[in-house]
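For reference, the chains in residue letters:
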Amino acid sequence: MPTPTASPPLLFASGETTQPEQTDSERLARSQRISATSALFSPSAVAKIWGVARGALDRASPPTEMPEYTPPGSSSYSYTAADFWTSGFFPGSLYLLLERAKVYPGHFPIEKLHVEKLRYACRWWSENLHVQAHRTDTHDLGFMILLPFQKDYELTGDRRSLDTLVTAANSLASRFEPRVGLIRSWDTCCTKRYAFEDPKADFLVIIDNMLNLNLLYWVSAQTGDLRLSSIATTHAENSLKHHIRHPQWSTVHVVNFDQETGAVKEKLTNQGYADDSTWSRGQAWGILGFAQCYAWTRKQAFLDAAINLGEYFVSRLDDGDGVPHWDFDAPRPTYRDTSAAMIAVCGFLCIYEATPEVRFLSHALRILDATLKMSLAPPARFRDDGSDAVDLGSGGDTILLNATINNHEFAPRRWADHGLVYADYFFLEVGNRLLGLGLV
Ligand code: GLY
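Residues numbered from 1 in each chain as written. Predicted model: local features only at pLDDT ≥ 70, side-chain atom pairs only at ≥ 80, totals over all residues. Heavy atoms only, no water.

## Quick look at the side chain of Asp 208
- Of note, Asp 208 is situated in the loop between strand S7 (203-206) and helix H7 (213-223).
- What Asp 208 contacts, discounting residues up to four positions off in sequence, is Phe 143, His 253, Trp 279 and Trp 285. (Helix = DSSP H or I, 4+ residues; strand = E, 2+ residues; numbered from the N terminus. Contact = heavy atoms within 4.5 Å.)

## As for helix H11 (residues 338-354)
- Here H11 is 17 residues long and its end C-alpha atoms lie 24 Å apart, about the 24 Å a rise of 1.5 Å per residue gives.
- Taken across its 17 residues, H11 has 16 buried, putting it largely inside the fold. (Expected span 1.5 Å × (residues − 1). Buried < 20%, exposed > 50% of the residue type's maximum accessible area, 1.4 Å probe, protein only.)

## A short note on the site of the ligand
- In the vicinity of the ligand, the residues found are Trp 85, Asp 208, Gln 271, Trp 279, Arg 281, Trp 285 and Tyr 422.
- Side-chain polar atom of Asp 208 to a nitrogen atom of the ligand: 2.7 Å apart, as the coordinates give it.
- Interatomic distance of 2.7 Å between a side-chain N/O atom of Gln 271 and an oxygen atom of the ligand.
- About the coverage of the ligand: the protein hides 94% of its 200 Å² of free accessible area.
- Of the residues contributing to the shell around the ligand, the split by class is 4 nonpolar, 1 polar and 2 charged. (Near = heavy atom within 4 Å. Polar contact = N/O pair within 3.5 Å; in protein donor to acceptor, adjacent residues only side chain to side chain. Areas by Shrake-Rupley, 256 points an atom, 1.4 Å probe, with all protein chains shown as cover. Nonpolar A, V, L, I, M, F, W, Y, C, P; charged D, E, K, R; others polar.)

## A few points about the confidence of the model for the chain
- Predicted confidence across the chain gives a mean pLDDT of 93, with 92% of residues reaching 70 or more.
- In the predicted structure, residues 1-9 sits below a pLDDT of 50 and forms 14 contacts with residues beyond four places in sequence or in another chain.
- pLDDT under 50 marks residues 14-20. Its contacts with residues more than four places away, or in other chains, come to 5 contacts. (pLDDT = per-residue confidence, 0-100.)

## Concerning the sheet that holds strand S11 (residues 264-268)
- Taken in spatial order, the 3 strands of this open sheet run S7-S10-S11, and their pairing is antiparallel. Looking at strand neighbours, the two that pair on one side only are S7 and S11, the edges of this open sheet. On average, each strand axis in the sheet is inclined to that of its neighbour by 20°, with strand direction left out of account.
- In terms of strand pairing, strand S10 (residues 254-257) meets S11 through 4 bridges, oriented antiparallel. Each residue of the ladder has a partner; that of Asn 256, found in S11, is Glu 266. (Pairing = 2+ DSSP bridges. Axes fitted to C-alpha atoms, helices over the stretch in contact; angles between N-to-C directions.)

## Here we look at the packing of helix H2 (residues 43-53) against helix H3 (residues 89-103)
- Contact geometry of H2 with H3 gives a least axis separation of 11 Å together with a crossing angle of 130°. Here H3 runs oblique to H2, going by the angle between their axes. Considering the relative orientation of H2 and H3, their crossing is left-handed. Contact residues: Val 46, Ile 49, Trp 50, Val 52 and Ala 53 in H2; Phe 90, Ser 93, Leu 94 and Leu 97 in H3.
- Tallied by class, the residues present in the contact of H2 with H3 amount to 8 nonpolar, 1 polar and no charged. (Parallel < 35°, antiparallel > 145°, perpendicular 65-115°, else oblique. Left-handed = near helix turned anticlockwise from the far one by under 90°.)

## Brief notes about the pattern of salt bridges
- Following the criterion strictly, the structure yields 23 salt bridges and no others.
- Of the charged contacts, one joins Arg 281 and Asp 337 as a salt bridge, the two residues approaching to 2.9 Å between their closest N and O atoms. Placement of Arg 281 in helix H9 (residues 280-297) and of Asp 337 in the loop between helix H10 (300-315) and H11 is noted, with a sequence separation of 56 residues between them. The same class applies to Arg 281 as to Asp 337, namely buried.
- Glu 311 serves as the salt-bridge partner of Arg 359, at 2.4 Å between the closest nitrogen and oxygen. Of this pair, Arg 359 sits in helix H12 (residues 358-375) while Glu 311 sits in helix H10, and the two are 48 residues apart along the sequence.
- Overall, the relative accessible area of 26% leaves Glu 311 in the partly exposed class.
- Connected via shared salt-bridge partners are Arg 54, Lys 117 and Asp 388. (Salt bridge = Lys/Arg side-chain N within 4 Å of Asp/Glu carboxyl O.)

## Details of the nonpolar core
- Trp 50, Leu 94, Leu 216, Phe 290 and Phe 426 are the most contacted members of the largest nonpolar core, which has 126 residues in total.
- Looking at this core, the element that brings in the most residues is H11, giving 12 residues.
- Residues within four places of Phe 426 in sequence aside, it is in contact with Phe 89, Trp 285, Leu 288, Met 342, Ile 343 and Cys 346.
- Core analysis: the next-biggest nonpolar cluster, separate from the first, contains 8 residues, Trp 186, Tyr 194, Ile 206 and Val 254 among them. (Core = buried A, V, L, I, M, F, W, Y, C linked by side-chain atoms within 4.5 Å.)

Here's what the structure looks like:
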């Protein structure tokens with residue numbers, strides 16, 4: 001275990017203090033932190049989420065489609081059905097705001113948005129996700145179910161949310177194959193280059209799957225069902241074995257196994273530049289996923305993996321501006337991915353919480369500052385008329401710009417350089433993690 005660094009500084013502060021012995025670079029770092037604070041906890045960030053949410057509150061029935069991304073050239077969200085893997089992020093974002101309003105009210109514009117109204121919106125937007133918990137045809141239940149309902153249960157004690165989480169964890173566990181030692185990610189997968197259409201013939205596991213393990217650990221901790229945590233740990237151990245390239249600690253996106261023998265058949269990409277390249281969001285999923293597994297298990301190998309994946313991520317921020325390209329190996333110039341940036345920042349904060357070594361906080365801050373500088377959309381604002389109405393303004397529906405869903409040449413859905421619901425979700429989570437760490 002690395003030696004903890006003494007007295008973690010209060011890195012985010014709301015005002016200047018007199019520090020005459022600061023060098024120019026210290027002053028610059030400090031001013032970046034203050035600008036990060038004002039963006040992370042600005043009324044504009046809340047107004048963006050609320051401006052999208054409130055439009056659905058007067059409808060006769062709760063939403064069945066969820067915000068996903070703002071198509072390039074548009075500033076308004078495109079919506080996808082509630083069975084899509086991203087459906088938990090918008091309700092999850094509302095719950096992150098509810099957490100902020102209830103637990104850290106000093107960092108929430110309470111005078112603009114009443115907590116009870118926000119809680120109503122959280123429930124309204126997540127209502128049609130409960131039913132998704134029964135699905136056994138997807139591994140994405142961590143994203144879809146854990147994000148809204150863990151917060152709902154923790155903030156309100158709602159029993160139905162706990163039941164939904166338990167159902168979802170068992171649905172996810174049903175995809176575990178003991179002969180392979182992994183949870184199946186996708187039943188099928190087709191691009192313009194390959195087609196896996198028979199789940200009996202192919203067993204596809206992606207690095208992203210690491211993020212869904214939190215659902216198993218959390219439900220295991222609530223219920224005492226150790227089968228769930230044991231599946232999660234076995235999956236993480238085998239993903240560590242198969243999704244990581246050595247000695248550099250870059251990640252493979254997709255591994256296809258023989259489900260009878262557990263042998264690796266091939267290693268591929270679905271969303272990166274090439275099979276042997278490093279898709280930056282996949283790398284970021286790895287950092288955060290292994291750091292979370294360490295938090296649950298205290299297995300040193302998981303922390304070492306998170307750190308090594310993180311150092312590789314930082315070593316590939318090669319334009320000097322700290323914002324990852326969508327794939328570290330894609331020919332330049334090319335698009336960025338601010339969702340990878342925000343997921344990696346969360347990963348570094350999780351590593352910092354575990355170690356706590358200031359170097360990981362520095363990595364997080366560097367990526368955060370750079371992303372805010374490059375990709376913060378023009379602000380939204382609450383109207384001054386005493387209502388909770390919002391002017392979204394020219395910046396549109398999302399807090400961040402410059403995300404990339406998938407720029408793989410052979411992708412059936414190819415989108416780059418747009419706003420994205422999970423870039424904003426992890427932006428809000430960064431704020432809550434910093435509050436939780438007592439650094440603000
Ligand atoms: N988990 C799918 C993605 O990151 O795009």
